[in-house]
Amino acid sequence: MKRSKRTMIALSALGALAGCGTSTSGGGFGSLDFAGPVEGDDLVFVFGDGGPGDDGSAGQDLAMPGGPCDDVTNPCPMGQRCLMGACIPDNGTCTNDNQCENDTYCDCTGGGGGGNGDGGACQGGVCIPYGTPPRGNTDPGCASESFPSTDLKAPIVKCSWTNADVIVTPLLIDLDLDGKPEIVFTTYPDGQLVAIHGHDCSPVWQKAVGLNNLAQLAAADLDGDKFPEIVAVTADHNLVVFDHNGTQLARTNQSYGGQGLG
């Protein structure tokens, strides 16, 4: 692979898009047919993998062969739970919507903590798919107006640092807790640890510490002082920890023996 002589670190103004999914459940639990082949009012889940249900005519019939499910005589298979006589994917229990994932919401059998009104603490809450009564097909908190693709603007270079090559992804962290991020990275091929200001790419510090020039950096507050520490891999495959000023704090005394490429 041919590498350029200089790698530019560019700060760009980028737009991001986020989407919210929907879940559908056929005609709803009030009109489910629990036996026989898949029909128009059966609970059908469509999986976008080319399998059953992708053409809208068939899917996974969650009706139990012995009739409506229950937790005693006709339980659902592992990974599913019984809700109103039908087996649905088990997304866990909950006390509020924020605990539910995979396009589900918290449905409480008692109380109102799951979003069904101010009825006290949620009791017996389970995460069920949107599209299952009493909720609609989508999370209203995810709804927003669309916009044309022409509203997405091309990235604009804010500043750059071109003193050496950079191969691995830089870290974006607030080293001095002033609310403004710094950029920390390892140079190639000499493995220096460098920090620059995020607003203008001016230098903060540069340390010749002999790092593995292909190993990723990591950062976290390891000692509870609010300032981030930086964890790196040396050229001889030892782990080393630096403080927010680039001063070495700790180093392993034994090589981990890997290549340090990730």
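On a predicted model such as this, the values are computed, not experimentally measured, just so you know.

Quick notes on the rules
- Residues numbered from 1 in each chain as written.
- Predicted model: local features only at pLDDT ≥ 70, side-chain atom pairs only at ≥ 80, totals over all residues.
- Heavy atoms only, no water.
- Helix = DSSP H or I, 4+ residues; strand = E, 2+ residues; numbered from the N terminus.
- Buried < 20%, exposed > 50% of the residue type's maximum accessible area, 1.4 Å probe, protein only.
- Pairing = 2+ DSSP bridges.
- Axes fitted to C-alpha atoms, helices over the stretch in contact; angles between N-to-C directions.
- Polar contact = N/O pair within 3.5 Å; in protein donor to acceptor, adjacent residues only side chain to side chain.
- Contact = heavy atoms within 4.5 Å.
- Disulfide = S-S within 2.5 Å.
- pLDDT = per-residue confidence, 0-100.

### With respect to unusual backbone geometry
Here is step 1: Omega for the bond connecting P133 with P134 falls within 30 degrees of zero, at 15°, which places this linkage in the cis form.
Here is step 2: By the element assignment, P134 lies in the loop between β7 (125-129) and β8 (171-173).
Here is step 3: With omega at 10°, the peptide bond leading from Y188 into P189 counts as cis.
Here is step 4: Among the secondary structure elements, P189 is positioned in the loop between β9 (182-186) and β10 (193-197).
Here is step 5: One non-glycine residue, L177, adopts positive backbone phi at about 60°.
Here is step 6: Its location among the elements puts L177 in the loop between β8 and β9.
Here is step 7: Here K226, not a glycine, exhibits a phi torsion of approximately 80°, which is positive.
Here is step 8: With respect to the helices and strands, the residue K226 is situated in the loop between β12 (218-220) and β13 (229-233).
Here is step 9: Look at K226 and you get exposed, because its relative accessible area is 64%.

### Re the sheet that holds strand β11 (residues 203-207)
Here is step 1: Spatial strand order, β8-β9-β10-β11: four strands in an open sheet with antiparallel pairing. Edge positions in the sheet fall to β8 and β11, since each has one partner strand and no second. Averaged over all neighbouring strand pairs, the angle between strand axes comes to 20°, with direction disregarded.
Here is step 2: Of the strand pairs in this sheet, β9 and β10 are connected by five bridges, and their pairing is antiparallel. In the strand pairing of β10, V184 is matched with A195.

### Some details on the side chain of T234
Here is step 1: Following the sequence through the fold, T234 ends up in the loop between β13 and β14 (239-242).
Here is step 2: Owing to a relative accessible area of 2%, T234 belongs among the buried residues under this scheme.
Here is step 3: Of note is the side chain of T234, whose polar atom sits 2.3 Å from the side chain of D236.
Here is step 4: In this view, T234 contacts G210, L211, N212, V240 and R251; residues no more than four positions away in its chain are not counted.

### Concerning the state of the cysteines
Here is step 1: Under the counting rule described, the total for this entry stands at six disulfides.
Here is step 2: Between the sulfur atoms of C69 and its disulfide mate C82 the distance is 2.1 Å. Handedness of the C69-C82 disulfide follows from its S-S torsion of about 90°: it is right-handed. Remark: C82 occurs in strand β3 (residues 80-83) and C69 occurs in the loop between β2 (60-61) and β3; sequence separation between them is 13 residues.
Here is step 3: Relative accessible area serves as the criterion here: at 6%, C69 is assigned to the buried category.
Here is step 4: The side chain of C108 participates in a disulfide bridge whose partner is C122; the two sulfur atoms lie 2.1 Å from each other.

### Here we look at the side chain of T186
Here is step 1: In this fold, T186 is placed in strand β9.
Here is step 2: Ignoring anything within four residues of it in the chain, the contact list for T186 reads D165, V166, V168, G191, Q192, L193, L211, N212, N213 and L217.

### Thoughts on the pairing of β7
Here is step 1: The buried fraction of β7 is high, at five of five residues.
Here is step 2: Burial along β7 is two-sided: G125, C127 and P129 facing one way and V126 and I128 facing the other are all buried.
Here is step 3: In this structure, strand β5 (residues 93-94) lies alongside β7, joined through two bridges in antiparallel fashion. What sits directly across from T93, in β7, is V126.
Here is step 4: Both strand β6 (residues 104-107) and β7 contribute to a ladder of four bridges, which runs antiparallel.

### Comments concerning the confidence of the model for the protein chain
Here is step 1: Residue-level pLDDT values for the protein chain average 76, and 68% of them are 70 or greater.
Here is step 2: The low-confidence segment residues 1-19 (pLDDT under 50) makes 37 contacts with residues lying over four places distant or belonging to another chain.
Here is step 3: Predicted confidence for residues 40-64 stays below pLDDT 50, and this span has 55 contacts to residues more than four positions away or in other chains.

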